[in-house]
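Examining the three-dimensional arrangement
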Amino acid sequence: MFEHLKKTDPEVFSCVMRELDRQERNIELIASENFASLSVLEAASSFFTNKYAEGYPGKRYYGGCFVCDEIENLAISRCREIFKCDHVNVQPLSGTQANMAVFFAVLNPGDKILSMGLPSGGHLSHGHPLSFSGRFFDVVSYETDPETGLIDYDEVEKIALRHRPKLILCGASAYPRTIDFERFRKIADKTESYLMADIAHIAGLVASGFHPSPVPHCDFVTTTTHKTLRGPRAGVIMCRREYATVIDRMVFPGIQGGPHMHIIAAKAVAFGEAQKPEFRIYQERILKNSRALAQGLEKKGFRLVTGGTDNHLILADLRNKRVTGKQAQEMLEESFITVNKNSIPADPEKPFVTSGIRLGTPAVTARGMGEKEMYLIADLISRVLSSKGEKKTVSQVRSEVEVLTKKFPVYGGIK
Ligand SMILES: *Cc1c(COP(=O)(O)O)cnc(C)c1O
């Protein structure tokens, strides 16, 4: 593989190969990451890279788009079958662009949005002041309960009734429990708000029926395709038929130019994979592994936000371990275990430091690890953090990580 790159640009080739080595060697526990199949990667690096296809199937602004039309229609129809939604736009370049398109399609600058705050597990694009979303819109946040870590739906309703937002956004980046979309619909009905769900993290679980679908309850559903869905790095918007035109117009020409047809081809492949029975088994294993990792950590004295997990991710509160999220992330990275620091509810530390780490099982499950390996990983994490990253422990854990990851190759030793 990459024989041309190797010849023409050894510098870039070297980076590509060292990144592959890192991915093969490390235990990847970042909840938003995954390993796309080689078929997805092949489509993503295919000849569609070369093609301009502004517009939509059948209505393009360039010639030569008949194959692009076919691949985009294929991605659309597969996605509609999976999520049973009226309308799909597969052109958003990322999850953030998908959210931006929905906001700009139905809101005016200054309109009010109600969404989950970043400290509780919300996403930057849901209204953080540093994001376009916080600059263009008037954002009201709900936070999870500081004691239980759960969404307090009665509290959300109270805030909604007080502020009457034009749009209510549910969905999160670090919420380890099931989200009650039906309850959100009831709130949105009371305040006559649009209801939007962002299922970037849980899309794979929704696709396979392991998390209730927001589609019947929401006006708009956005997602990324690269997290539990295991496709290329990109976004998708689903909506009710009545919003199809405003959404499509806002994606193009509203906020984007030419669609990335190579990535749309890769989305079609990922959706095809998600329709196969193996995908359901994969998602079920993600959940089993997440529960096993949670149990393993609890046995080692870790406190988990909400006391456990219903999905692919776990949020560990490290305060009783006397390390910050930032320190933990760094010590684990030294030990070839990749996690990310994450705020916990009512976190006393700044967002750049935090008191927690977020762990997810999509990637380790994709490489074939099971519950036994999750208990082992919990033990490795515990040893690194208990030793406060002491050199001897780190080097011992490193070699154990390497033994483990060699047993579960991601791409089967491609070179
Ligand atoms: C990951 C994520 C996104 C953004 O995805 P990008 O592709 O990085 O822009 C949006 N919303 C939620 C809830 C996410 O977790």
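For the structure given in this document, a descriptive report is provided here. (Residues numbered from 1 in each chain as written. Predicted model: local features only at pLDDT ≥ 70, side-chain atom pairs only at ≥ 80, totals over all residues. Heavy atoms only, no water.)

1. So, the overall build of the chain
Counting its regular elements, the chain contains 16 helices and 15 strands. Expected size for 415 residues packed as a compact globule is a radius of gyration near 22 Å; at 21 Å, the chain falls within 12% of this value. For the C-alpha atoms alone, the extent of the chain along its principal axes is close to 60 × 60 × 35 Å. Burial analysis of the chain (415 residues in total) assigns 57% to the buried set. For the chain, long-range pairs separated by at least 24 residues make up 72% of all intrachain contacts whose partners lie at least 6 apart in sequence. Taken as a whole, the chain presents about 18300 Å² of accessible surface, with 52% of it coming from carbon and sulfur. Between the averaged position of the 54 positive side-chain charges in the chain and that of its 49 negative side-chain charges there is a distance of 3 Å. (Helix = DSSP H or I, 4+ residues; strand = E, 2+ residues; numbered from the N terminus. Rg over C-alpha atoms; globule rule 2.2 N^0.38 Å. Buried < 20%, exposed > 50% of the residue type's maximum accessible area, 1.4 Å probe, protein only. Contact = heavy atoms within 4.5 Å. Areas by Shrake-Rupley, 256 points an atom, 1.4 Å probe, with all protein chains shown as cover. Lys, Arg positive; Asp, Glu negative; His and termini not counted. Charge placed at Lys NZ, Arg CZ, Asp CG, Glu CD.)

2. Remarks on the site of the ligand
Near the ligand, the surroundings consist of 14 residues, among which Gly95, Thr96, Ser173, Asp198 and Lys227 are the closest. In this structure, glycine 95 approaches the ligand through a main-chain N or O atom, which is 2.9 Å from an oxygen atom. A distance of 2.8 Å is found between an oxygen atom of the ligand and a side-chain nitrogen or oxygen belonging to serine 173. Look at the ligand: alone it shows 380 Å² of surface, and the protein chains cover 86% of it. For the shell around the ligand, the element with the highest residue contribution is helix α5 (residues 95-106), accounting for three residues. (Near = heavy atom within 4 Å. Polar contact = N/O pair within 3.5 Å; in protein donor to acceptor, adjacent residues only side chain to side chain.)

3. Re the nonpolar core
Ranked by internal contacts, the top residues of the largest apolar core, which has 62 residues, are Phe83, Phe184 and Ile199. A total of nine residues in this core trace back to one element, the largest contributor, which is helix α11 (residues 261-274). Excluding its chain neighbours within four sequence positions, the residues that come into contact with isoleucine 199 are Phe83, Phe181, Val206, Pro214, Val221, Thr222 and Thr223. Formed by 33 residues, the second largest nonpolar core is a distinct cluster that contains Ala294, Phe336, Met374 and Ala378. (Core = buried A, V, L, I, M, F, W, Y, C linked by side-chain atoms within 4.5 Å.)

4. A short note on the pairing of strand β10 (residues 235-239)
For β10, a buried count of five out of five residues is recorded, marking the element as mostly surrounded by other parts of the structure. Every second residue of β10 is oriented toward a common face, with Gly235, Ile237 and Cys239 on one face and Val236 and Met238 on the other, all of them buried. Relative to β10, strand β4 (residues 87-89) runs antiparallel, the two sharing three bridges. From the neighbouring strand, asparagine 89 faces β10, where its bridge partner is isoleucine 237. When strand β9 (residues 220-224) meets β10, the two strands line up antiparallel, connected through five bridges. In the strand pairing of β10, threonine 222 is matched with isoleucine 237. (Pairing = 2+ DSSP bridges.)

5. So, the state of the cysteines
Following the criterion strictly, the structure yields zero disulfides and no others. Take cysteine 68: it sits in no disulfide, and the sulfur closest to it among the cysteines is that of cysteine 65, at 5.0 Å. What makes cysteine 68 buried here is its relative accessible area of 2%. (Disulfide = S-S within 2.5 Å.)

6. So, the packing of aromatic side chains
As enumerated under the stated definition, the model contains 15 aromatic pairs in all. When the ring of phenylalanine 136 is compared with that of phenylalanine 137, the centres are 6.4 Å apart and the planes differ by 45°; the resulting orientation is tilted. On the basis of relative accessible area, phenylalanine 136 is assigned to the partly exposed category, the value being 40%. For phenylalanine 137, a relative accessible area of 5% puts it in the buried group. Ring centres of tyrosine 142 and phenylalanine 184 lie 5.9 Å apart, and the angle between their planes is 45°; this geometry places the pair in the tilted category. Separated by 42 residues along the polypeptide, tyrosine 142 in strand β6 (residues 138-142) and phenylalanine 184 in helix α8 (residues 181-191) bring together distant segments of the chain. One aromatic cluster is present, built from ring pairs that chain together Phe103, Phe104, Phe132, Phe136 and Phe137. Against the face of phenylalanine 336 rests arginine 25, its NZ or CZ located 3.6 Å from the ring centre. Geometry around phenylalanine 352 places lysine 341 over its ring, the cationic atom sitting 3.7 Å from the centre. (Phe/Tyr/Trp six-rings, centres within 6.5 Å; stacked < 30°, edge-to-face > 60°. Lys NZ or Arg CZ within 6 Å of the ring centre and 35° of its normal.)

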